[in-house]
Amino acid sequence: MASAILDIQCIMGPNFKYLIKEMSIVDVHSRASQHWIFKHTQTPHTAKSKAVNIWLFRNYHQLSMDCGDVQYSEIDRILKSLHFECIYVKGEEKRQIILDFIPQVHVIDMDADLDCPRLNQLYQQLDYVNINNNNNYNKNNVNRVKNFIQKMNLLKSLKEQSEVRNLSIDDLVVDVSYPIKSMKRLETAFGMAVSCTLEDSVMGGTINVFLPKSVNVASEEVTSYNLGEVPPINLIFKGKNKNKFVIKFE
């Protein structure tokens, strides 16, 4: 049976309804993954929802309403295009959100149905597991442990994708070399811009930043870099000079 693990981050929309802001999904069998950040430029706001979303931005997911790579209006099409018979999520609220879009899919809450620990507790449990001790584990127990470890690896991958931070160039640490994992060209309110996904060598995880408008990378160059046809490049923020960002590539 085709199955996947899915995780989402949300914002608050009208009528106190949570709307998906970020979504990641990992195929349980192939480990192929997809990730989306949804723009909410057309989502109406109330004073309450705006206050909640400001708090979420500052203290939780750091995703502004208008950042993203696809409009929120596309989410129904995206979810219905997924060819999974079973989807695992963590939390009943997330389960209900996904079921509203794809009620024909079997959506399982890993917390309630599988007694899955919190994400930050999963790897701690490995300290107490020894699958090589045949005196303590029969074949069924070993298979359970193997399946649980596989599930934890998938959750770790999913968690890493969901912890991408969106920063400005001047939020980077001066003179630190950030490896560029990928690039993409995006149409923004200020015209075409280049976004880079950086490996955060200071705090760990991944960072998305827009390059200054003075830096132009052609579409074919972006494609070539993402395909690994050119050597990896590092970005170094050197600070500001007369209110202009100074960056270096090496």
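We now turn to the structure provided with this report. (Residues numbered from 1 in each chain as written. Predicted model: local features only at pLDDT ≥ 70, side-chain atom pairs only at ≥ 80, totals over all residues. Heavy atoms only, no water.)

**Some details on the nonpolar core**
Counting residues in each nonpolar core, the largest one holds 28 residues, and the members touching the most others are Leu6, Ile20, Met23 and Phe38. Ranked by the residues each element gives to this core, the list is headed by strand S1 (residues 3–12), at five residues. Val194, Ile207, Leu211 and Tyr225 belong to the second largest nonpolar core, which has 18 residues in total. (Core = buried A, V, L, I, M, F, W, Y, C linked by side-chain atoms within 4.5 Å. Buried < 20%, exposed > 50% of the residue type's maximum accessible area, 1.4 Å probe, protein only. Helix = DSSP H or I, 4+ residues; strand = E, 2+ residues; numbered from the N terminus.)

**Here we look at the packing of aromatic side chains**
A complete count under the given rule lists two aromatic pairs for this structure. Between the aromatic rings of Phe38 and Tyr72, the centroid separation amounts to 6.2 Å while the plane-to-plane angle is 90°, which identifies the pairing as edge-to-face. Linking Phe38 in strand S3 (residues 33–39) with Tyr72 in the loop between strand S4 (70–71) and helix H2 (75–80), this pair joins segments that are 34 residues apart in sequence. The residues Phe38 and Tyr72 share a single accessibility class, namely buried. Judged by centre distance (6.2 Å) and plane angle (70°), the rings of Phe237 and Phe245 are edge-to-face. (Phe/Tyr/Trp six-rings, centres within 6.5 Å; stacked < 30°, edge-to-face > 60°.)

**Some details on the environment of Lys238**
The topology assignment puts Lys238 in strand S11 (residues 234–241). Placed ten residues apart in sequence, Lys238 and Lys248 show a C-alpha to C-alpha distance of 7.1 Å. Residues contacting Lys238, with those up to four places away along its chain left out, are Val174, Asp175, Val246, Ile247 and Lys248. Polar contacts involving the side chain of Lys238 include one to the side chain of Asp175, which spans 2.7 Å. (Contact = heavy atoms within 4.5 Å. Polar contact = N/O pair within 3.5 Å; in protein donor to acceptor, adjacent residues only side chain to side chain.)

**What to know about helix H7 (residues 219–226)**
All of the buried residues along H7 are Val222, Ser224 and Tyr225. For H7, the arc enclosing every buried residue in end-on projection is 165°, short of the 170-degree limit, so these residues lie on one face. Taken together, the buried residues of H7 touch strand S8 (177–188). Gly228 sits one or two residues past H7 and shows a positive phi near 75°. (Arc of directions from axis to C-beta.)

**As for the sheet that holds strand S12 (residues 244–249)**
Strand order in the open sheet formed by six strands is S7-S10-S9-S8-S11-S12, with mixed pairing between adjacent strands. In this open sheet, the two edge strands, each paired with only one partner strand, are strand S7 (165–166) and S12. Looking at chain direction, S11 and S12 are connected through six bridges and run antiparallel. By the bridge assignment, Lys240 is partnered in S12 with Phe245. (Pairing = 2+ DSSP bridges.)

**Observations concerning the pairing of strand S9 (residues 191–199)**
Regular strands place their side chains on alternate faces of the sheet. Note that S8 and S9 share eight bridges and pair antiparallel. Bridge pairing in S9 links Lys184 to Ser195. Between S8 and the antiparallel strand that follows it, S9, lie two residues. As judged from the five bridges shared by S9 and strand S10 (residues 206–210), these two strands associate in the antiparallel manner. Paired with Leu198 across the strands is Ile207, a residue of S10. Between the antiparallel neighbours S9 and S10 lie six residues, among them Gly204 with a positive phi of about 85°.

**A look at the side chain of Ser49**
Relative to the helices and strands, Ser49 is located in helix H1 (residues 47–59). Setting aside residues up to four positions removed in sequence, Ser49 forms contacts with Met12 and Gly13.

**Structural notes on the environment of His29**
Counting through the fold element by element, His29 comes out in the loop between strand S2 (18–27) and S3. Separated by 25 residues in the primary sequence, His29 and Ala4 place their C-alpha atoms 8.0 Å from one another.

**Quick notes on the sheet that holds S1**
Two orientations exist for strands paired in a sheet by backbone hydrogen bonds: parallel and antiparallel. Across the sheet, six strands lie side by side as S4-S3-S2-S1-S5-S6; this open sheet has mixed pairing. On the outer flanks of this sheet lie S4 and strand S6 (106–109), each paired with one strand and no other.

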